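# Fold and geometry: a report
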Amino acid sequence: MAKTYTHWVCQNCGRTSPREMGRCPGCGEWNTMVEVVDESSAPATGFSAIPGSEPRRLAEIETEGLDRLPLPLAEFARVLGGGVVPGSLILVGGDPGIGKSTLLLQTAGLMAEAAGQPVLYVSGEESARQIRMRADRLSIRNDNLFVVTETNLEAILRHAGQVQPLATIVDSIQTVTSEELTAAAGSISQVRQAASRFQWWAKAEGVAVFLVGHVTKGGAIAGPKVLEHIVDTVLYLEGDRFHTYRLLRSVKNRFGATSEVGVFEMQERGMVEVPNPSEVFLAERMVNAPGSAIAVTMEGTRPLLIEVQALASHSSFGHPRRTANGVDFNRLLLITAVLARRVGLRLYDQDVFANVIGGLQVGEPAADLAVAVAIASSIRDRPVAADLAMIGEVGLSGEVRAVGQTAARLKEAARLGFQRCLLPKSLRRGQEPLPEGIEPIPVRSVVEAVEKALMT
């Protein structure tokens, strides 16, 4: 008879404990430890070793047939590093209703059409008829796209063995259960077992596997982090439910750059690529309006121009408020403190609001200078020149610090018609050649940047 033992695993960080604890000793979160029951008689993996696992010399390993699979969605291919690597395990997470299933169903249809080979779409949450209804709305009609509704892990692998697909999409990994475990669907042991089996099968068969993962209330993929350690690539589909734009962001990629971003727009016919997001985000900009500044940020290898808006108004309370939308709240507090102490702006009785247009979340310090200038512009009620962009990190001493990839940022700003750009003075001593067509305005401090940006 199989013996069972119980332990507790944190849903946030994956820390295990032999006893129940109210607070996780690993991440410090409360009420995240859940009970997991394992059977000692069950095999540890449930599958054999990967074929061809004998040690070989590096020079003897063949690389033919490992070219990336073409992906007609250019924005998706950009995030993955140029295409889909055969045998890779890709995890796609995001908030409910953000468009994960829509994006992956589109991807399945386009891959099946482009390659002329079967692609398997496995759903554990929707029926085949519901998937067909979405496919009709997205105008997906392809004889090489196979759909199955199944939650049993062993049955999914049998179906995949019969179809011999080019790629397999599992929506979602939290619904998959294995016969080898008695735990409920969505538990840590089931999710870990399913991900490990899909990893083994993907490497053994050379099939790319996409896993859809739900997220917790904290924004992390439920599973917990152990699921992100198993897969090769982790992608997050981000966006504001009040905006139509979606950002597909890479946070882990063994075959490409991390922090790469693809931009989509959610429409009736599905996810539509936005090849030039800077123009879209600046399309409704009101020039010569106080409190508006343009920042040049980098999302992975892509430069993006975003509009940062700030508004300062007299506070009706004893403690003025600081509200950040799209900007890190702690960065906003830092910038307002620098403006008050180093620049001499009167902010102690002013509510300060900062907003990034388009529902974007900007965490790069290179946008600090634009936020500072936008706040100063609102306080002084003087507009920033319409042809001026800004690059730079703000330090606690009021200095403007250098950031990377300045040439790429300036090239993008010049392409969009900006003629001048505020940037850190330290870049003048660097070896990085600056592009033509845009005038660099070097500044050493925030005081200097504010005076030059608000010149009439």
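Refer to the preceding data block for the structure.
Residues numbered from 1 in each chain as written. Predicted model: local features only at pLDDT ≥ 70, side-chain atom pairs only at ≥ 80, totals over all residues. Heavy atoms only, no water.

### What to know about the overall build of the protein chain
- Helix and strand content of the protein chain: 11 helices and 21 strands.
- With respect to the principal axes defined by its C-alpha atoms, the protein chain has extents near 80 × 50 × 50 Å.
- Looking at the protein chain residue by residue over its 456 residues, the buried ones come to 49%.
- When the accessible surface of the protein chain is summed, it comes to about 21700 Å², and 50% of that surface belongs to carbon and sulfur atoms.
- Across the protein chain, the centroid of the 46 positively charged side chains sits 6 Å from that of the 50 negatively charged ones. (Helix = DSSP H or I, 4+ residues; strand = E, 2+ residues; numbered from the N terminus. Buried < 20%, exposed > 50% of the residue type's maximum accessible area, 1.4 Å probe, protein only. Areas by Shrake-Rupley, 256 points an atom, 1.4 Å probe, with all protein chains shown as cover. Lys, Arg positive; Asp, Glu negative; His and termini not counted. Charge placed at Lys NZ, Arg CZ, Asp CG, Glu CD.)

### Thoughts on the sheet that holds strand β5 (residues 119–123)
- Strand order in the open sheet formed by nine strands is β6-β5-β7-β8-β4-β9-β10-β11-β12, and the pairing between neighbours is mixed. The two strands at the open ends of the sheet, each matched to only one other strand, are β6 (145–149) and β12 (270–273). Each neighbouring strand pair of the sheet contributes to a mean axis angle of 25°, computed without reference to strand direction.
- Of the strand pairs in this sheet, β5 and strand β7 (residues 167–171) are connected by five bridges, and their pairing is parallel. Paired with V122 across the two strands is V170, which belongs to β7.
- Of the strands in this sheet, β4 (89–94), β5, β6, β7, β8 (208–213), β9 (233–238), β10 (245–253), β11 (261–267) and β12 are in contact with helix α2 (residues 100–115), which crosses β5 at around 160°. (Pairing = 2+ DSSP bridges. Axes fitted to C-alpha atoms, helices over the stretch in contact; angles between N-to-C directions. Contact = heavy atoms within 4.5 Å.)

### What to know about the packing of aromatic side chains
- On inspection of all chains with the given rule, the structure shows two aromatic pairs.
- Ring geometry for F76 against F210: centres 6.2 Å apart, planes inclined by 65°, an arrangement best described as edge-to-face. With F76 in helix α1 (residues 74–80) and F210 in strand β8, the pair connects residues that are 134 residues apart, well separated along the chain.
- F210 sits in the buried class, given a relative accessible area of 0%.
- Arranged with centres 5.6 Å apart and planes meeting at 85°, the rings of Y245 and F281 form a pair that is edge-to-face. Of the two residues, Y245 sits in strand β10 while F281 sits in helix α7 (residues 277–281), which places them 36 residues apart along the sequence.
- According to the relative accessible area criterion, F281 is buried, its value standing at 5%. (Phe/Tyr/Trp six-rings, centres within 6.5 Å; stacked < 30°, edge-to-face > 60°.)

### What about the side chain of S250?
- As for its placement among the helices and strands, S250 is situated in strand β10.
- Once residues lying within four places of it in the same chain are set aside, the contact partners of S250 are V79, V234, L235, A257, T258, S259 and E260.

### Some details on the pairing of β8
- Most of β8 sits out of view: six of its six residues are buried.
- The alternating pattern of β8 places A208, F210 and V212 on one face and V209, L211 and G213 on the opposite face, and all of these are buried.
- In this sheet, β8 lies alongside β4 in parallel orientation, the contact comprising five bridges. Bridge pairing links L91 to L211 in β8.

### Digging into the pattern of salt bridges
- Taken as a whole and judged by the stated rule, the model has 20 salt bridges.
- Among the ionic pairs, R331 bridges to D368, the shortest N-O distance being 2.1 Å. Pair noted here: R331 is in helix α8 (residues 329–343) and D368 is in helix α9 (residues 368–380), with a separation of 37 residues, a long-range link.
- Residue R331 is classed as partly exposed on the basis of its relative accessible area of 21%.
- Salt bridges sharing partners connect three or more residues here, namely E154, E180 and R197. (Salt bridge = Lys/Arg side-chain N within 4 Å of Asp/Glu carboxyl O.)

### Details of the state of the cysteines
- Across all of its chains, the model carries zero disulfides by this definition.
- There is no disulfide at C27, and the cysteine sulfur nearest it, in C10, is 3.7 Å away.
- Overall, the relative accessible area of 29% leaves C27 in the partly exposed class. (Disulfide = S-S within 2.5 Å.)

### Examining the environment of V403
- If you trace the backbone, V403 turns up in the loop between β19 (400–401) and α10 (406–415).
- For V403, a relative accessible area of 14% corresponds to the buried category.
- Along the backbone, V403 and E364 are 39 residues apart, and their C-alpha atoms lie at a distance of 9.6 Å.

Function cannot be read off these values alone, since they describe shape.
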